[in-house]
Structure formats: structure tokens, C-alpha cells
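Listed here are the chains, written in short residue letters.
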Amino acid sequence: MQGGVQILMSQLPNLESAWWASAVGAIMSIGYSAIAIVLGGAQAKNGLGSLSGRPAPPREKLFGSFNALGNFGFAYSCAIVLLEVQDTLREPPTASKTMKKTVPLALTTTFVLYTVVSVCGYAALGDNVPASIVLGFDSAPIWLTLLANFAVVVHLVPAYQVYGQPVFATVEDLMLRMIPKLDNCAGKEWVLRLGYRSLYVVITTVVACALPFFGAFVGLVGALTFWPTAIYYPIAMFKAVYKPTGPKLWTMNAINGIMCLVTVLATMGAIETIISSASQFKPFSAPGGR
């Protein structure tokens with residue numbers, strides 16, 4: 001079902017035309033986070049969490065922690081699409097001024113929500129907290145659980161488009177350059193949308209269904225994209241434009257180096273988790289299934 005909806009949504013011309021879907025996704029994200037905070041806060045007195053975390057063998061604990069770093073990176077991977085988002089903003093005021101105000105606000109809101117959700121959820125459920133936290137509250141009203149899961153599902157639709165539309169634009173531009181005859185083809189936009197975009201969605205949907213260890217792949221994607229797009233590239237651009245020196249330059253280089261190390265560790269953790277998961281799961285099985 002999700003794949004079918006994405007095929008339809010992928011026919012939208014560009015990211016700007018999907019602005020309303022992005023707004024719906026943001027509302028859904030805040031909605032299910034709020035529900036998780038309320039449910040977790042109500043049961044936080046259970047005090048089931050611990051500073052040492054979930055018990056596990058040392059090797060599993062180590063690589064699981066590394067993979068978690070990749071998940072953190074994925075949560076803040078918006079740098080991948082910042083330029084595309086900025087390109088859709090209406091002026092005045094200038095897009096750069098708008099982005100300088102909204103990006104810190106968005107990241108701060110994300111940090112606060114995710115932190116409170118994780119702290120309350122772990123305090124309430126402890127080591128038994130599931131991957132989808134709202135499923136862990138057995139005593140919660142069924143309508144509230146359904147509402148939270150509905151918000152999660154709805155949020156996934158625009159989230160896919162926010163990251164997919166820039167990919168579509170890049171690949172389709174490359175295809176027009178490699179095959180100039182397509183540029184003179186009547187209805188070329190629909191040929192590309194119905195052809196390439198639909199095929200892209202089908203492939204990604206099949207892969208997602210065949211490989212059900214979602215967390216490991218999230219960690220890998222976060223590890224591979226966070227440092228290059230959110231750390232290295234912005235720092236490199238800042239250096240090229242403003243030519244920093246002294247303590248500012250040293251601080252930037254230190255941050256760059258530390259985050260690069262984090263990316264390496266997160267990649268190692270994600271790959272190890274994927275390998276271990278691959279030995280336990282069968283293709284197209286549900287998470288946790290054999």
C-alpha cells in the first residue's frame with residue numbers, strides 16, 4: 001500500500017509542489033511524538049531504564065552503540081535537502097534569511113522532542129522498549145495507539161518525497177543530458193515520471209520489504225550521509241568564503257575530525273548489525289520473524 005501511494009505522490013513535478021505534503025508530515029511527526037511523550041511521561045515513574053542500557057554481550061553492545069550513532073545522524077540528515085528546500089522559498093525576505101531562522105528552530109524542536117520521547121519512553125518501558133515506542137504501552141487506550149500509528153504511517157509518505165524528489169530531479173536531468181532525444185519527446189515529463197519514478201519506487205519498496213532490519217539500514221544511511229553533507233561540506237564552504245584563522249579554524253577542524261571518526265564508527269556498527277541480522281532473518285519476513 002505504501003508503495004502504491006508513493007508511486008502516485010512521485011508524479012508530483014518537484015519538491016515545491018509537494019510543500020503541502022511536507023507540512024502534513026511535520027504535523028504528524030509532532031503529533032505522534034506528543035502521544036509518545038504523554039504515554040511515557042504517565043508511566044515514567046516505573047523507572048525501568050538504567051544508565052548501562054539494555055544488557056548484551058560486549059561485542060553486540062559495542063557495535064550496537066556504534067549503529068545508534070548512525071541513527072542519530074539520520075535523524076539530523078536534513079542537510080541533504082537544505083539547498084532544495086531553500087530553492088522553493090518565496091522572496092522577500094531572502095531565502096537565506098528565512099533559512100537562518102527556520103533551520104535552528106527546526107533542529108532545536110527535533111532535538112527536544114526526540115530527547116524527551118527517548119527519556120520518557122526508556123524510563124517507562126526500560127529494556128523492553130520496542131522499535132515503535134507507541135506499541136510498548138499495553139495499557140494505553142487502543143484509539144490512542146491507533147492514532148499514533150496512523151500518524152507514523154502518514155508521516156512516512158511526505159518523508160519519502162522530501163528525500164526522493166531531489167533524487168528524481170538529479171537523475172532525470174542526467175538522463176536528459178545523456179539522451180538528448182528525450183528533450184524533444186512530447187510528454188517527456190510524464191515518460192520520466194511514469195517510467196523512472198515508478199520503477200524507483202517499486203525497487204525501493206521491494207528492497208525495504210525483503211530486508212526487514214530497518215534500524216540497521218537507517219544507521220548505515222545516517223552514517224554515510226551525515227558527516228559529508230552536514231559537517232564536511234558546510235565547513236569546507238565556510239573556509240572557502242570567510243577564510244577563518246586561529247581558534248575558529250582549529251575548532252572547525254577539530255569538529256570535522258571528530259565527526260569523521262563518529263561516521264567511521266557508525267558505519268562499522270551498521271555494517272556489523274546488518275551482517276548479524278542477515279543471518280537471522282528470512283527475505284520478506286516481518287521484523288522479529290524467522
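Residue positions are counted from 1 within each chain, in the order its sequence is given. A pLDDT threshold of at least 70 governs which residues receive local features in this predicted model, and a stricter bar of 80 or more applies before side-chain atom pairs are shown or counted, although totals over entire chains, interfaces and linings include all residues. Excluded from the side-chain calculation are hydrogens and water; included are all heavy atoms of the structure.

Along its length, the protein carries 9 helices and 0 strands. Each helix corresponds to a stretch of at least 4 residues labelled H or I by DSSP, and each strand to a stretch of at least 2 residues labelled E; elements are numbered beginning at the N terminus. Each helix (α) and strand (β) of the protein, taken in turn from the N terminus, gives the series α-α-α-α-α-α-α-α-α. Based on C-alpha atoms, the radius of gyration is set beside the globule rule, defined as 2.2 Å times the residue count to the power 0.38. Here the C-alpha radius of gyration of the protein, 21 Å, is about what a compact globule of 290 residues would show, namely 19 Å. For the protein, the spread of C-alpha atoms along the principal axes amounts to about 65 × 55 × 40 Å. Contacts are assigned to residue pairs with any non-hydrogen atoms lying within 4.5 Å of each other. Taking as baseline every contact in the protein between residues at least 6 positions apart, the subset at least 24 positions apart corresponds to 77%. Charged side chains in the protein number 18 positive and 12 negative. The centres of these two groups are separated by 6 Å. Under the counting rule used here, the positive set is Lys and Arg, the negative set is Asp and Glu, and His together with the chain ends is not counted. Charged side chains are reduced to one point each, which is NZ for Lys, CZ for Arg, CG for Asp and CD for Glu.

To continue, consider the packing of aromatic side chains. For Phe, Tyr and Trp, rings pair up if their centres lie within 6.5 Å, where Trp contributes its six-membered ring, and each pair is then called stacked (planes under 30 degrees apart), edge-to-face (over 60) or tilted (otherwise). Summed over the entire model, instances satisfying the criterion amount to 7 aromatic pairs. Between the aromatic rings of Tyr160 and Tyr200, the centroid separation amounts to 6.5 Å while the plane-to-plane angle is 70°, which identifies the pairing as edge-to-face. Taken as a pair, Tyr160 in helix H6 (residues 142-178) and Tyr200 in helix H7 (residues 188-210) lie far apart in primary sequence, 40 residues in all. A 1.4 Å probe rolled over the protein chains alone gives each residue an accessible area, and that area as a share of the maximum for its type sets the label: buried under 20%, exposed over 50%, partly exposed in between. On the basis of relative accessibility, which here comes to 23%, the residue Tyr160 falls in the partly exposed class. Measuring from ring centre to ring centre gives 6.1 Å for Phe168 and Tyr196, while their planes differ by 90°; the resulting arrangement is edge-to-face. Of this pair, Phe168 sits in helix H6 while Tyr196 sits in helix H7, and the two are 28 residues apart along the sequence.

Interhelical geometry of helix H3 (residues 58-75) versus helix H9 (residues 246-278) gives an angle of 120° and a closest axis separation of 7 Å. One way to sum up the angle between H3 and H9 is to call them oblique. As for how H3 packs across H9, the hand of that crossing is left-handed. Facing Arg59, Phe63, Phe66, Asn67, Leu69 and Gly70 of H3, the residues of H9 in contact are Val262, Leu265, Ala266, Met268, Gly269, Ala270, Glu272 and Thr273. Amino acids outside the nonpolar list (Ala, Val, Leu, Ile, Met, Phe, Trp, Tyr, Cys, Pro) and the charged list (Asp, Glu, Lys, Arg) are all regarded as polar, and Gly is one of them. Considering only residue class, the contact of H3 with H9 consists of 8 nonpolar, 4 polar and 2 charged. Simply put, an axis is a line fit to the C-alpha atoms, just over the touching stretch for a helix, and the angle between two N-to-C directions goes from 0 to 180 degrees. The scheme is simple: roughly parallel for angles under 35 degrees, roughly antiparallel for over 145, roughly perpendicular for 65 to 115, oblique for anything else. When the near helix sits turned anticlockwise from the far one by under a right angle, the crossing is termed left-handed; a clockwise turn instead gives a right-handed crossing.

Along the polypeptide, Gln43 turns up in helix H2 (residues 19-43). A residue is classified by how much of its surface remains accessible, and Gln43, at 18% relative accessible area, is buried. Counting along the chain gives 124 residues from Gln43 to Val167, while the straight-line C-alpha distance between them is 42 Å. Every residue in contact with Gln43, bar those within four places of it in the chain, is listed here: Ala123, Ala124, Phe137 and Ser139. In terms of polar contacts, Gln43 uses its side chain to reach the side chain of Ser139, at 3.2 Å. We call two N or O atoms a polar contact when they sit within 3.5 Å, provided that within protein one can donate a hydrogen and the other can accept it, with sequence-adjacent residues counted only if both atoms are side-chain atoms.

A few words on the side chain of Ser198. Position of Ser198 relative to the elements: it lies in helix H7. Beyond its immediate stretch of four places on either side in the chain, Ser198 contacts Ile7, Gln11 and Arg193.

For patch building, the residue pool is restricted to those with more than 30% relative accessible area and no salt bridge; the joining distance is 9 Å between like charges and 5 Å between nonpolar side chains (Val, Leu, Ile, Met, Phe, Trp, Tyr). Accessible surface is estimated by sampling points in the Shrake-Rupley manner with a 1.4 Å probe; for residues, cover comes only from the protein chains shown. A pairing counts as a salt bridge when a side-chain nitrogen of Lys or Arg comes within 4 Å of a carboxyl oxygen of Asp or Glu. A surface patch of nonpolar side chains, amounting to about 600 Å² of accessible area, comprises Ile142, Trp143, Leu146, Leu147 and Phe150. Turning to its location among the elements, Leu147 is positioned in helix H6. Take Leu147: its relative accessible area is 43%, and that puts it in the partly exposed class.

Packing of H2 against helix H5 (residues 95-125) brings their axes to within 8 Å, and their N-to-C directions diverge by 35°. Crossing handedness for the pair H2 and H5: left-handed. Counted together, Ile30, Ser33, Ala36, Ile37, Gly40, Gly41 and Gln43 of H2 and Leu113, Val116, Val117, Cys120, Ala123 and Ala124 of H5 form the full contact between these two elements. Looking at side-chain class alone, the contact of H2 with H5 contains 9 nonpolar, 4 polar and no charged residues.

Any link to function would need more than the numbers given here.
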